Amino acid sequence: MEMTLIAFFASALTTLVTGFIWYNPKVFGTIWMREARITPDDLKKGSMLKIFGLTYIFSLMMTIIVSALTIHQSGAIGMVGGPPMLESAKPSFSAFMADYGTAYRTFKHGSLHGFLTGVFFAFPMLAINSLFERKSWKYIFVHAGYWILTLTIMGGIICAWA
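Enquirer: What exactly am I supposed to notice about the pattern of salt bridges here?
Expert: Between side chains of opposite charge, a pair can form when the charged atoms approach closely. Throughout the structure, instances matching the rule amount to three salt bridges. A salt bridge links Lys44 to Asp41, with the nearest nitrogen and oxygen atoms 3.9 Å apart. Note on Lys44: relative accessible area 65%, which makes it exposed.

Structure follows, in structure tokens:
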């Protein structure tokens, strides 16, 4: 199972592209700004290069976990000791990978696991923090919706292309 690194770099862009659309004032941006108690002038403050650069780096970090959640063959590779041990793996491993190495490697399957990650990991994490910060449910659902959509797309890209 060869991993294509370009899939990780491309899927990391998902956070920026989806965010550009999701948080646009014509979509959910106005609701988000009102619920977060920030103004358009507040958004002009800070270094955009730093914000977008760190967002991309953090997104790359996320792709590692998303790949483990969407590509089931990662577990089989881990059982033989990881990529450095593939050469010395028993013949049964090679036979297994020949039969199942590309099983469930589709955009649809990755999207399902990305969606589930958003619903059962990102949403509860955001909700917990937001509840302690005394944020509204609108605020929680705007952010959770963004992450559910983003992780759905990210999972699909990684699973189909990596």
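Now that the structure is up, let's keep going.
Enquirer: How do you make sense of helix H8 (residues 107–132) when you look at a structure like this?
Expert: Note that an α-helix has 3.6 residues per turn; residues three or four places apart therefore point the same way. The terminal C-alpha atoms of H8, which comprises 26 residues, lie 36 Å apart, in line with the 38 Å expected from a rise of 1.5 Å per residue. Turning to H8, its buried residues are His109, Gly110, Ser111, His113, Gly114, Thr117, Gly118, Ala122, Ala127 and Ser130. The secondary structure elements touched by the buried residues of H8 are helix H5 (48–70) and helix H9 (137–161). Phi for Arg134, located one or two positions after H8, is positive at around 65 degrees.

Enquirer: It is not clear to me how the side chain of Ser111 should be interpreted in this structure. Could you clarify?
Expert: Looking at the element boundaries, Ser111 is found in helix H8. Apart from residues no more than four positions distant in its own chain, Ser111 is found in contact with Thr152, Gly155 and Gly156.

Enquirer: I'm lost on a nonpolar patch on the surface in this one. Help?
Expert: Together, Leu13, Val17, Phe20, Ile21 and Val27 make up an exposed nonpolar region whose accessible area comes to about 490 Å². Ranked by residues supplied to the nonpolar patch, first place goes to helix H2 (residues 14–22) with three residues. Position of Phe20 relative to the elements: it lies in helix H2.

Enquirer: Which parts of the structure should I look at to understand helix H1 (residues 5–12)?
Expert: Of all the positions in H1, only Ala7, Phe8, Ser11 and Ala12 are classed as buried. For H1, the buried positions fall inside an angular range of 130 degrees around the axis, keeping them on one side. Where the residues of H1 are buried, they touch H2, H5 and H9.

Enquirer: How should I be thinking about the packing of aromatic side chains in this particular structure?
Expert: Working definition: an aromatic ring pair is given by the centre-to-centre distance plus the angle between the planes. A full pass over the atoms with the stated rule returns seven aromatic pairs. Measuring from ring centre to ring centre gives 5.6 Å for Trp137 and Phe141, while their planes differ by 35 degrees; the resulting arrangement is tilted. Taken together, the residues span about one helical turn, with Trp137 and Phe141 both in helix H9 at a distance of four residues. Take Phe141: its relative accessible area is 48%, and that puts it in the partly exposed class. Pairing Tyr146 with Trp147 gives two aromatic rings, centres 4.9 Å apart and planes at 75 degrees, and the pair type is edge-to-face. Judged by relative accessible area, Trp147 falls into the partly exposed class, the value being 23%. Among the aromatic residues, those joined into a ring-pair cluster are Tyr23, Trp32, Tyr146 and Trp147. The ring of Tyr139 is capped by Lys135, whose NZ or CZ atom sits 5.2 Å from the centre of that ring.

The rules behind the values
Residues numbered from 1 in each chain as written. Predicted model: local features only at pLDDT ≥ 70, side-chain atom pairs only at ≥ 80, totals over all residues. Heavy atoms only, no water. Salt bridge = Lys/Arg side-chain N within 4 Å of Asp/Glu carboxyl O. Buried < 20%, exposed > 50% of the residue type's maximum accessible area, 1.4 Å probe, protein only. Helix = DSSP H or I, 4+ residues; strand = E, 2+ residues; numbered from the N terminus. Expected span 1.5 Å × (residues − 1). Contact = heavy atoms within 4.5 Å. Patch = residues over 30% accessible without salt bridge, like charges linked within 9 Å, V, L, I, M, F, W, Y side chains within 5 Å. Areas by Shrake-Rupley, 256 points an atom, 1.4 Å probe, with all protein chains shown as cover. Arc of directions from axis to C-beta. Phe/Tyr/Trp six-rings, centres within 6.5 Å; stacked < 30°, edge-to-face > 60°. Lys NZ or Arg CZ within 6 Å of the ring centre and 35° of its normal.

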